[in-house]
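A look at the structure
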Amino acid sequence: MGPTSEAVFDALHMAKRVDELDGGAKESEVHVLAYLACILFIFDGGSVASWGYVFSTTSTGAPYAGDLHDALSNLAASGHLQRDVDVYRPTQPGLDTHERLRAGWRLGERPRYLDAAANTGLALATPVATGAVMHEPQLRTAAGLARKRMLLDEAGLALLDPHFEGLRRISDENNTPDLFSTAVLWLRYLQADADQKSTDV
Amino acid sequence: MFSFELLQEVAEHDWIQTIQSGTHGGEESLPPLLEFVRSVFDHVAPERLTGGLTLLASSNFPDALGDADHTLAQLAELADLPFLHPQHLVLVAREQGDYLVWNTQPDDAVLTAHTLVYRFDGSDHFMLPDLTVSLPEIPGFGSIFSIPTFMTLDEALLDYERTHVRHSGCPLLAANWDDDDRIVLANKPESSMRRSLEQYLRAALRGYGLIELRPEQNVDESHPIDIKVTWSVTNRIALIEIKWIGQSINPEKTATTNWKDPRANSGAKQLSDYLDSNKEYTPSHHVVGYLVVFDARRAGASAENRELSDEEALQYLAVEINYEPKYEELRPDFAPPVRLFMRPKTQVA
């Protein structure tokens, strides 16, 4: 069974977007930013089940989606992405396919979440953004376990609830309802919280 | 546990929040403007824009700027930008995909009434009708939007030397000297060097999963490695051992600790031994060891003597460290050692 159509679009879209912003997309960045996009989707009222594929942790505690990995591999094999070790760039056929998929009715608002996630690299620099995602509460509890575990399950979503509530309060207070501002703020918070905890040790 | 107080504190200092709350319905214009800024600085270094720069978020700009007398150029590509005369430049990206450029200093009140504006005058600002948001300066870089990122650790270390170490551009390294001319290092400079490199890698190295810094309390010779970088998808690990050579003052300011080549060689052996002992714990990972040596050697420097000629201060600028054995020739998991020469302040640039 191949990757889901959502994973194929996300892989192509993220590779295209990160390549536009930073010159090439590392596979790990595609996984981490797609994970952030999924969290933004849930924050905005979406359900995990309707995202289209699932995330688990790698042995180093990073978010990973098997469907995304398969999609990247398949897109490289079919000439839609150019691959150099673990760095992907869209080819012209890949850009053409992306345009066709983007116009498809099934996608709805999906690109909005992917773009909000990728665009955090404009405000923070992509390494800072992806590094901050690693401090997401369920990833932090999984750090050091050295075994794979599912992400955004019931326990993971419960850990996110107070974060979402806080972000909505700030968004109302500051009149900043857009996803980009919310994503950047949350990542800054995650890093600040991690920095505080590391000095408390 | 989530802290709303911390979130509020972060939001208060978040320039994105400040700009977006002031745009009153123009929230969607910020990401494209940020991307425009980045694109401009991809083609011309901010330090070259001596006359300053103004970028407009949209083509909704006042007609006054369309005055043909002030139009400098119509660019098909930003790659043509570096060839323009170094005066104040105003750019807007048109829907057609090209760019219009003017060389007049605009009326900011008129501009901001129409669109979100970015201004560079040596530092970064965003301008709204009743508010100018100034961004923090990043030492070593002309603009917060011109900080490069790197796919590999080797590339990142090259840039780190140039931007952070060479002239002590990093504040942590700048504060690590016992004198203003950067002749003798402060007492126990290792901690600042570790933190400087760790902070830099977090901002500049793409695709890492974890960057771990050795805890301060591990000070014996059997300590774990100084910085460990783990990549999540490719199963690669970099173990970075940091050493410094040169002179460091003692707490009483009466004498210096002097390290030269033997110290660097000791670090190389330490790293080689650690690579051997670490193999059983990471059998499924590709591990490479990096020895990074901060070189602050000065000829004739001591606790009492900081008055060196330029020749003495720079004597070791091009003097490589003599390693024996050369582990990088003996084992494939040992990268060529990296020497970061920390320049003194001299009359010679």
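It should be noted that the structure appears before, not after, this text.
What this report covers is the structure whose coordinates are included nearby. Computed from a predicted structure; not experimentally measured.

A few words now on the overall build of chain B. Secondary structure assignment for chain B yields ten helices and 13 strands. Here chain B holds 349 residues, and 53% of them are scored as buried. Working note: accessible area of chain B is about 16200 Å², and carbon and sulfur atoms make up 50% of it.

Before going further, it helps to examine the sheet that holds strand β5 (residues 87-90) of chain A. Residue and element names in this part refer to chain A. Here we have three strands laid out as an open sheet, ordered β1-β5-β4, and antiparallel in their pairing. Unpaired on one side and paired on the other, β1 (25-26) and β4 (81-84) mark the two borders of the sheet. Here helix α3 (residues 66-77) sits on the sheet in contact with β4 and β5, set at roughly 105 degrees to β4.

We now examine helix α5 (residues 153-165) of chain B. At B:Asp159, α5(B) shows its strongest bend, of approximately 25 degrees. Listed in full, the buried residues belonging to α5(B) are B:Leu153, B:Ala156, B:Leu157, B:Asp159, B:Tyr160, B:Glu161, B:Thr163, B:His164 and B:Val165.

Assignment of secondary structure puts B:Glu311 in helix α9 (residues 310-313). Along the primary structure B:Glu311 and B:Ala299 are separated by twelve residues, whereas in three dimensions their C-alpha atoms are 8.6 Å apart.

Counting residues in hydrophobic clusters, the biggest one holds 98 residues, and the most contacted among them are A:Phe55, B:Trp15, B:Val40, B:Leu53, B:Leu91, B:Tyr118 and B:Phe126. Top element by residues in this core is helix α2 (residues 27-43) of chain A. It accounts for 13 residues. Excluding residues within four positions of it along the chain, B:Tyr118 makes contact with B:Leu33, B:Val37, B:Phe41, B:Leu53, B:Thr54, B:Leu55, B:Asp124, B:His125, B:Phe126, B:Ser143 and B:Phe145. With 35 residues, the next largest nonpolar core counts B:Leu153, B:Trp244, B:Val288 and B:Val338 among its residues.

Cut-offs and rules
- Residues numbered from 1 in each chain as written.
- Chains lettered and ligands numbered in written order.
- Predicted model: local features only at pLDDT ≥ 70, side-chain atom pairs only at ≥ 80, totals over all residues.
- Heavy atoms only, no water.
- Helix = DSSP H or I, 4+ residues; strand = E, 2+ residues; numbered from the N terminus.
- Buried < 20%, exposed > 50% of the residue type's maximum accessible area, 1.4 Å probe, protein only.
- Areas by Shrake-Rupley, 256 points an atom, 1.4 Å probe, with all protein chains shown as cover.
- Pairing = 2+ DSSP bridges.
- Contact = heavy atoms within 4.5 Å.
- Axes fitted to C-alpha atoms, helices over the stretch in contact; angles between N-to-C directions.
- Bend = angle between axes of the 7 residues up to and from the residue.
- Core = buried A, V, L, I, M, F, W, Y, C linked by side-chain atoms within 4.5 Å.

Everything listed here is a matter of geometry and, on its own, says nothing about what the molecule does.
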